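Chain by chain, the residues run as shown.
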Amino acid sequence: MNPTTFDKRTSVLIRHLALPVLLVVAWQIWASTLPAGSPAPAPLKVLQTLGDLLSAGSLLSATVQSLGRVVLGFAVASGLGIALGLMMGSSSAVRENLDPIIESFRPIAPMAILPIAILWLGTGTPTALAIVAYASFFPVLVNTVHGVSRVDRKLVLAARTMGISRWTVLTRVVLPGALPSILLGTRLAMGVAWTAIIAAELAVGAKSGGGGSGGIGQMMFVFYAYNIDLNAIVVCMAVVGVVALLIDQLFRLVEKRLIPWRH
Amino acid sequence: MTTANSGPLPAGTAPTAGAVPVRRPTLGAYRQLWVSLRAFGVFFLLWWGLHWWNGNPLQLPSPIKVLEALWVLLREGEIAEHALVSTLRMLVALSLAIAVAVPLGFLMGLSKRAEQCIDPLVEMLRPISGIAWLPLALFIFGVGDTLPVFIMFYVGFFPILLNTVAGVRQTDARLLAAARTMGVGRGPLLLYVLVPSALPTVMVGIRLAFAASWAAIVAAELIGSPSGLGFAIEWYRQLLMTPKVFAFILAIGVVGYLCDMGLRGLQRRLTPWAEGTGVSS
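Residues numbered from 1 in each chain as written. Chains lettered and ligands numbered in written order. Predicted model: local features only at pLDDT ≥ 70, side-chain atom pairs only at ≥ 80, totals over all residues. Heavy atoms only, no water.

**Brief notes about the packing of helix H5 (residues 110-121) of chain A against helix H11 (residues 242-270) of chain B**
Selection criterion: Think of each axis as a best-fit line through the C-alpha atoms, taken over the contacting stretch in the case of a helix, with angles from 0 to 180 degrees between the N-to-C directions. Only DSSP runs of H or I reaching four residues or more are called helices, and only runs of E reaching two or more are called strands; each is numbered from the N terminus. Roughly parallel means an angle under 35 degrees; roughly antiparallel means over 145; roughly perpendicular covers 65 to 115; every other angle is labelled oblique. Here a crossing is taken to be left-handed if its near helix is turned anticlockwise relative to the far helix by less than a right angle, and right-handed if that turn runs clockwise. Two residues qualify as a contact provided that any one of their heavy atoms is within 4.5 Å of a heavy atom in the partner residue.
Two elements in contact, H5(A) and H11(B), have axes separated by 9 Å at closest approach and are oriented at 155°. When the axes of H5(A) and H11(B) are compared, the pair comes out roughly antiparallel. H5(A) and H11(B) meet at a crossing whose hand is left-handed. Within the contact between the two elements, H5(A) uses A:Ala112, A:Pro115, A:Ile116, A:Leu119 and A:Trp120 and H11(B) uses B:Thr242, B:Val245, B:Phe246, B:Ile249 and B:Ile252.

Below you can see the structure in the form of structure tokens.
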């Protein structure tokens, strides 16, 4: 490469890194001016806590537990959402009858359902699963219905004219046609589900007095309420962000693999 | 759906060529109402059935009891009181988010250099959901009004920022070139070309931000606030007054829906030239 593009690249890289590095340095300087016993988090302490939590294994196990719940709840919700979405998309009778109910539940946030979920299912894993499933159901459903409605009518009619059964048309024509939209729905749903699980675990911890449901949200709450450690809370926040990023990248990869004609 | 009725076509004629005209011309709206009523009827019957089968009114009260609780709460003004608190917080948070995110978005959309500086930080913070800030924010702000406002500001900030950047970028390059050729200065260019062009996308961003922050307010109030709709739900759950819990959940849905309708109206008012901005979230 010639020197000008190299210079350009380094200057772009410097601009990319400048603000985050500056902020972290300022944070560290601010933290070092505080008295020794202050609970305020500092970058170096956060790194140290990250090392401690990783070597203790508690961070990893909490993350895995939260992820397991998200995957399970998401699987249930997307199974239901895709099936119902296909039905609503391909039959106007089903859609007309279900739409009023669905549309009146959609503006109700998953967290608003939480108190009822606690009443019905206690403060353990079933509540967390229910919240995740509720949260991820709507993006999948809405996008599936949208995807099915965008499938070329002529293709469906042509297939039907040639005597292909309804089921085959559904799996061979409608489903591939709606796939981009469905995958978008699942990606959105997974993002919402990950947010919802943190909220659910956090709130369950806050409202049941640390009634032990585990997961990374619960871990944050324990660090907030019992053994107070703001550094550990910052570590948990960073983990939440990284996991969200990884989930998003994974789904984008799957999208690229499954619908190469879109890219 | 609605465009079929607003065109020059006579009522009841399907707009697509070659389609058979539908035979029920004026019954459309009534039929839709009837279908909705029927759907809700079945829903309430199912609810009632579950209520009988469950046999525990603390877990699942009958629909009548919930409507009764709703009526009492409405008459005594309790719902209005909490809804007002929550809506005010939301308005403050959204205005703050708009005030910060829109200028920043314009800056990032217009200057490559600014975007290179700010974007990495945004992309680092964005995956961390607003909810995950709750414990730290509880430490910083304590229980009160500031905490929900902060969480909602944070949640609403990113959709508005990203949509503003996208809206500025989408501006037709030919329009910009034409304006520049005619010697339009920077200020008027911003005011008369860039802002009108970006506004529809910004409005979509604001609606997305509202949806996200309305979902987050419940969590924020549930955990860290002594008032508001989210607090009321949790309060009545602890008192085991389940009908009131249901009534408040209903209220959250209705207030959220009304606010979204208001925003849609605003969208039509402010950006009547926008087409196809009815993006479903």
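**Observations regarding the interface of chain B and chain A**
By a widely used convention, the size of an interface equals the accessible area lost when the partners come together. Here is the rule: Buried area is a sum: the accessible area each of two parts loses on coming together, probed at 1.4 Å, counted once for each and added. Whenever Lys or Arg places a side-chain nitrogen within 4 Å of a carboxyl oxygen from Asp or Glu, that contact is recorded as a salt bridge.
Taken together, the contact pairs 45 residues of chain B with 42 residues of chain A. Buried area between chain B and chain A, both sides added, is near 4,300 Å², and the carbon and sulfur share of it is 76%. Ranking the residues of chain B by area buried against chain A places B:Gln116, B:Phe139 and B:Arg237 at the top, with a combined share of 14%. The partner of B:Arg31 in a salt bridge is A:Glu96, and the shortest N-O contact between them spans 3.1 Å.

**Description of the confidence of the model for chain B**
Residue and element names in this part refer to chain B. What counts is decided by this rule: pLDDT: the predictor's confidence for each residue, scored from 0 to 100.
Averaged over all residues, the pLDDT of chain B equals 82, while 88% of them reach at least 70. Here residues 1-25 is modelled with pLDDT under 50, and outside its nearest four sequence neighbours on either side it reaches eight contacts, counting other chains as well. The low-confidence segment residues 277-281, where pLDDT is below 50, has six contacts with residues more than four positions distant or belonging to other chains. Here the predicted complex scores 0.82 on pTM and 0.82 on ipTM.

**Describing the pattern of salt bridges**
Side-chain pairs of opposite charge can arise whenever the charged atoms involved come near each other. In plain terms, the rule: Each residue's exposure class comes from its accessible area (1.4 Å probe, protein chains only) as a fraction of the maximum for that residue type: buried when under 20%, exposed when over 50%, partly exposed otherwise.
Overall, the coordinates contain 15 salt bridges over all chains when judged by the stated rule. One salt bridge connects B:Asp172 with B:Arg174, and the closest N-O pair in it is separated by 3.3 Å. Take B:Asp172: its relative accessible area is 32%, and that puts it in the partly exposed class. By relative accessible area, which is 65% here, B:Arg174 ends up exposed. One salt bridge in this structure joins B:Asp260 and B:Arg264, with 3.4 Å as the shortest N-O distance. Here B:Asp260 and its partner B:Arg264 are both found in helix H11, four residues apart, which amounts to about one turn of the helix. Here the salt bridges do not stand alone but share partners, grouping A:Arg187, A:Asp248, A:Arg252 and A:Glu255 into one network.

**Points about unusual backbone geometry**
Residues and elements named next belong to chain B. Of note, the phi angle at Leu240 is positive, near 60°, even though the residue is not glycine. Tracing the backbone shows Leu240 in the loop between helix H10 (229-238) and H11. When its relative accessible area of 41% is taken as the criterion, Leu240 is described as partly exposed.

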